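The primary structure of each chain is shown beneath.
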Amino acid sequence: MSLRKYITSKIFLRQVIIAVTILVLVIVLVLNMLSFITNHGQEIIVPNLANMTMDQVEEKLDELDLDYVVLDTVDYNSEFTKFGVVMQEPKPGSKVKEDRKIYLKINSDNYAYVTLPDMIEKTFRQVEPNLRVLGLELGEVTYKPYLGKDMVLEMRIDGKLVKPGTKVMKTTKIDLVLGDGKIGFDEETIDSLQINIDND
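Before going into details, it helps to say that this report is about the structure given with it. As the structure is a prediction and not an experimental result, all values here were calculated from the model.

1. Notes on the overall build of the protein
If you tally the helices and strands in the protein, you get 5 helices and 11 strands. Taken over 200 residues, the protein has a buried fraction of 22%. Of the contacts made within the protein by residues no fewer than 6 positions apart, 72% connect residues no fewer than 24 positions apart. Of the roughly 14,400 Å² of accessible surface on the protein, a fraction of 56% belongs to carbon and sulfur atoms.

2. Considerations on the nonpolar core
If you look at the biggest cluster of nonpolar residues, it comprises 15 residues, and the most contacted ones within it are Leu-116, Leu-131, Leu-136, Met-155, Ile-174 and Leu-176. At the level of elements, helix H4 (124–133), strand S8 (152–157) and strand S11 (173–179) are the ones that each hand at least two residues to this core. Here Leu-131 is in contact with Met-119, Leu-136, Leu-138, Ile-174 and Leu-176, once residues within four sequence places are set aside.

3. Some remarks on the sheet that holds strand S5 (residues 101–107)
Within the open sheet, the 3 strands sit side by side as S2-S5-S3. Their pairing is mixed. The sheet is open, and its two borders are formed by strand S2 (67–74) and strand S3 (85–89), each paired with just one other strand. Taking the axes of each pair of neighbouring strands and ignoring which way they run, one obtains an average angle of 25 degrees across the sheet. Its contacts with the sheet put helix H3 (residues 54–63) on S2, S3 and S5, and the angle it makes with S2 is roughly 155 degrees.

4. Focus: the packing of aromatic side chains
Under the criterion given, the structure shown has 1 aromatic pair. Seen from their ring centres, Tyr-76 and Tyr-111 are 4.8 Å apart, and the 90 degrees between their planes marks the pair as edge-to-face. Residue Tyr-76 is located in the loop between S2 and S3, and its partner Tyr-111 is located in the loop between S5 and strand S6 (113–115); the two are separated by 35 residues in the primary sequence.

5. Thoughts on a negative patch on the surface
On the surface, Asp-55, Glu-58, Glu-59, Asp-62, Glu-63, Asp-65, Asp-67, Glu-98 and Asp-99 cluster together into a patch of negative charge. A per-element tally of the negative patch places H3 first, with 5 residues. By the secondary structure assignment, Glu-59 is in helix H3. The class for Glu-59 is exposed, based on a relative accessible area of 53%.

Reading guide: rules and limits
Residues numbered from 1 in each chain as written. Predicted model: local features only at pLDDT ≥ 70, side-chain atom pairs only at ≥ 80, totals over all residues. Heavy atoms only, no water. Helix = DSSP H or I, 4+ residues; strand = E, 2+ residues; numbered from the N terminus. Buried < 20%, exposed > 50% of the residue type's maximum accessible area, 1.4 Å probe, protein only. Contact = heavy atoms within 4.5 Å. Areas by Shrake-Rupley, 256 points an atom, 1.4 Å probe, with all protein chains shown as cover. Core = buried A, V, L, I, M, F, W, Y, C linked by side-chain atoms within 4.5 Å. Pairing = 2+ DSSP bridges. Axes fitted to C-alpha atoms, helices over the stretch in contact; angles between N-to-C directions. Phe/Tyr/Trp six-rings, centres within 6.5 Å; stacked < 30°, edge-to-face > 60°. Patch = residues over 30% accessible without salt bridge, like charges linked within 9 Å, V, L, I, M, F, W, Y side chains within 5 Å. Salt bridge = Lys/Arg side-chain N within 4 Å of Asp/Glu carboxyl O. Lys, Arg positive; Asp, Glu negative; His and termini not counted. Charge placed at Lys NZ, Arg CZ, Asp CG, Glu CD.

See below:
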């Protein structure tokens, strides 16, 4: 049989149809296997882990076949539970695959400590923003006689004098004693001056 007659024969046509059918079946099978292996279409929605403890996080993520990694502990935030989740990545509502790691930052169990800088003989305008930058709070402001007006003379915590370099917890209230811009005299000095004036 010549090649031309063979190509146009029913036998050849039947073999082509069978070959094409097998090829299509193989392609469909491979695509289905790839879809199964990569969990195509089986995405998991990341839950909101905010304020959860590590035990709660582990239990929740185990249910969803997800994992987690604690990146860091952040400064204590009173709005969150101690050692509770403060930040997470990916964000809640994100779609991820099975076994994806969720990266976490958790709340510390207490406020961090900062070193009280030397603010003596600096003006109140200089000192106030520095306190806030350090995470400290401005407490009571009182005045006493001193030539330098609004100059910081003393720093106190709960009435006790504190020196520069002291480590204090963030959010601590720092009371300031400032100069009133006047030269102060005690009563004895004033009486002495008054006597001298009268004698003159």
